[in-house]
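Notes for the structure review
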Amino acid sequence: PVSWAPLVTEVLFTVTSLVTIAVLLALMMKARSAGADEDAAALKTRFIKAVLKPCILWVMHVGMGAMFPMVSGALIALLQLPCWSDKDHVYLKEYWGMPIEGASCCGNGDEARSHFLGIIFDLVLLIGAVLALNMGTCVKVTKCDKPYLITYALIFFGTFNGVVLLVQFLIFCKAKKAGTDEGAGDAKKVGRKMAIHIVKFALFFAAYGFLGLLAPLIASSLTALINLPVFSNYDQSLWKRYFGADAREYHPF
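Residues numbered from 1 in each chain as written. Predicted model: local features only at pLDDT ≥ 70, side-chain atom pairs only at ≥ 80, totals over all residues. Heavy atoms only, no water.

Topic: the overall build of the protein chain
Scanning the protein chain from terminus to terminus reveals 10 helices and zero strands. Starting at the N terminus and ending at the C terminus, the protein chain contains elements arranged as α-α-α-α-α-α-α-α-α-α. Across the 253 residues that make up the protein chain, the buried fraction comes to 42%. Pairs at least 24 residues apart make up 69% of the contacts formed inside the protein chain by residues separated by at least 6 positions. Within the structure as shown, the protein chain displays about 13,500 Å² of accessible surface, and the carbon and sulfur contribution to it stands at 68%. (Helix = DSSP H or I, 4+ residues; strand = E, 2+ residues; numbered from the N terminus. Buried < 20%, exposed > 50% of the residue type's maximum accessible area, 1.4 Å probe, protein only. Contact = heavy atoms within 4.5 Å. Areas by Shrake-Rupley, 256 points an atom, 1.4 Å probe, with all protein chains shown as cover.)

Concerning the nonpolar core
The biggest cluster of nonpolar side chains holds 17 residues, and the ones touching the most others in it are L57, L214, L217, I218 and L222. Elements with a contribution of two residues or more to this core: α2 (37-64), α3 (68-80), α6 (147-178), α7 (181-211) and α8 (215-227). Each residue touching L57, except ones within four places of it in the same chain, is listed here: F13, P69, M70, G73, I76 and L222. Core analysis: the second largest hydrophobic core is formed by 15 residues, L24, A31, Y91 and L92 among them. (Core = buried A, V, L, I, M, F, W, Y, C linked by side-chain atoms within 4.5 Å.)

Structural notes on α6
The end-to-end C-alpha separation of α6 is 47 Å, in line with the 46 Å expected for 32 residues at 1.5 Å each. Looking only at α6, the buried set comprises L149, I150, A153, F157, F160, N161, V164, V167, Q168, I171, A175 and A178. Downstream of α6 by a residue or two, G179 has a phi angle that is positive, lying close to 70 degrees. (Expected span 1.5 Å × (residues − 1).)

Quick notes on a nonpolar patch on the surface
A contiguous nonpolar surface patch, about 340 Å² in accessible area, is contributed by L7, V11, V15 and V19. You can see L7 is positioned in helix α1 (residues 5-33). The exposure class assigned to L7 is exposed, which follows from its relative accessible area of 56%. (Patch = residues over 30% accessible without salt bridge, like charges linked within 9 Å, V, L, I, M, F, W, Y side chains within 5 Å. Salt bridge = Lys/Arg side-chain N within 4 Å of Asp/Glu carboxyl O.)

A short note on the environment of T45
For T45, the position within the fold is in helix α2. As for T45 and M28, which are separated by 17 residues in sequence, their C-alpha atoms are 9.7 Å apart.

A short note on the packing of α1 against α3
Two elements in contact, α1 and α3, have axes separated by 8 Å at closest approach and are oriented at 25 degrees. One element, α1, and the other, α3, form an angle in the roughly parallel class. You can see that α1 and α3 cross each other, and the crossing is left-handed. Residues T9, E10, L12, F13, T16, S17, T20 and L24 of α1 form the contact with α3, whose participating residues are P69, M70, V71, G73, A74, A77, L78 and Q80. Residues that form the contact of α1 with α3 fall into these classes: nine nonpolar, six polar and one charged. (Axes fitted to C-alpha atoms, helices over the stretch in contact; angles between N-to-C directions. Parallel < 35°, antiparallel > 145°, perpendicular 65-115°, else oblique. Left-handed = near helix turned anticlockwise from the far one by under 90°. Nonpolar A, V, L, I, M, F, W, Y, C, P; charged D, E, K, R; others polar.)

With respect to the confidence of the model for the protein chain
Interpretation of this model should avoid reading the predicted coordinates in detail wherever pLDDT is low. In the predicted model, the protein chain carries a mean pLDDT of 75, and the fraction of residues at 70 or more is 72%. For the protein chain, the element scoring lowest by mean pLDDT is helix α10 (residues 247-250), at 48; α1 scores highest, at 90. Low confidence marks residues 248-253, where pLDDT is under 50. Its contacts with residues over four positions away, or in another chain, come to eight contacts. (pLDDT = per-residue confidence, 0-100.)

Let's talk about the environment of T9
You can see T9 is positioned in helix α1. Among the residues examined, T9 registers a relative accessible area of 9% and is labelled buried. Separated by 59 residues in sequence, T9 and F68 place their C-alpha atoms 9.5 Å apart.

Topic: the side chain of S17
When you line up the elements, S17 lands in helix α1. For S17, a relative accessible area of 7% translates into the label buried. The residues touching S17, leaving out its near neighbours within four places in the chain, are P54 and A77.

Overview of the packing of aromatic side chains
For the structure shown, the criterion picks out six aromatic pairs. Ring geometry for F13 and W58: centres 5.9 Å apart, planes at 25 degrees, overall stacked. Here F13 is found in helix α1, whereas its partner W58 is found in helix α2, with 45 residues between them in sequence. Within the aromatic cluster, the residues linked to one another by ring pairs are F157, F201, F205 and Y208. (Phe/Tyr/Trp six-rings, centres within 6.5 Å; stacked < 30°, edge-to-face > 60°.)

Here it is as structure tokens:
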């Protein structure tokens, strides 16, 4: 392992996280001062996520003594910058006056952005986990000199993925019981997400079980953590619609 790599990774993680937080905070304040309450609320949600994620990753880094949260966190912070979708371009134009031309890589729709970033997150976290594990000797289970990392990785993998599947199942059941066209559409959408999540869960676990790779467990755990409603766009999430404070108004029965 390179002696200076851990320190450089920690610095990179801290800098990218702080830059992302500062940019989102500045845009939120600009939107609030301009009276754009809807934009300010959306940016506030993203700002809170940008603060919570590095805190959790830092706790994982300190508690486990592993570098993968730092590597993945730095890449996640870059992906959280408001420059990937058409809506992000609107924020930068309106509140910072940046002359941005052309379409963004994620398009205009929230669904397109969600699918694009979902794929990017999976790849980024997997690559980040591989790079971080290469700083030590735990790339493969059979050669890992820190057995506790394997135990922690399996615990996080099972817990986070289990919670995500439970949340998706509860939303699916609630949407089915709604008895509306919108509820049926939501149930169909969540059903597709559950199927995709189960397939990814099986593939990542197979990579661990048959190839002895630790990185897929770590990447899947962090992906599942990010997909929880508290870290996704909660205000527009199906969890809030069916289980939040306004659920009673949405389902008067």
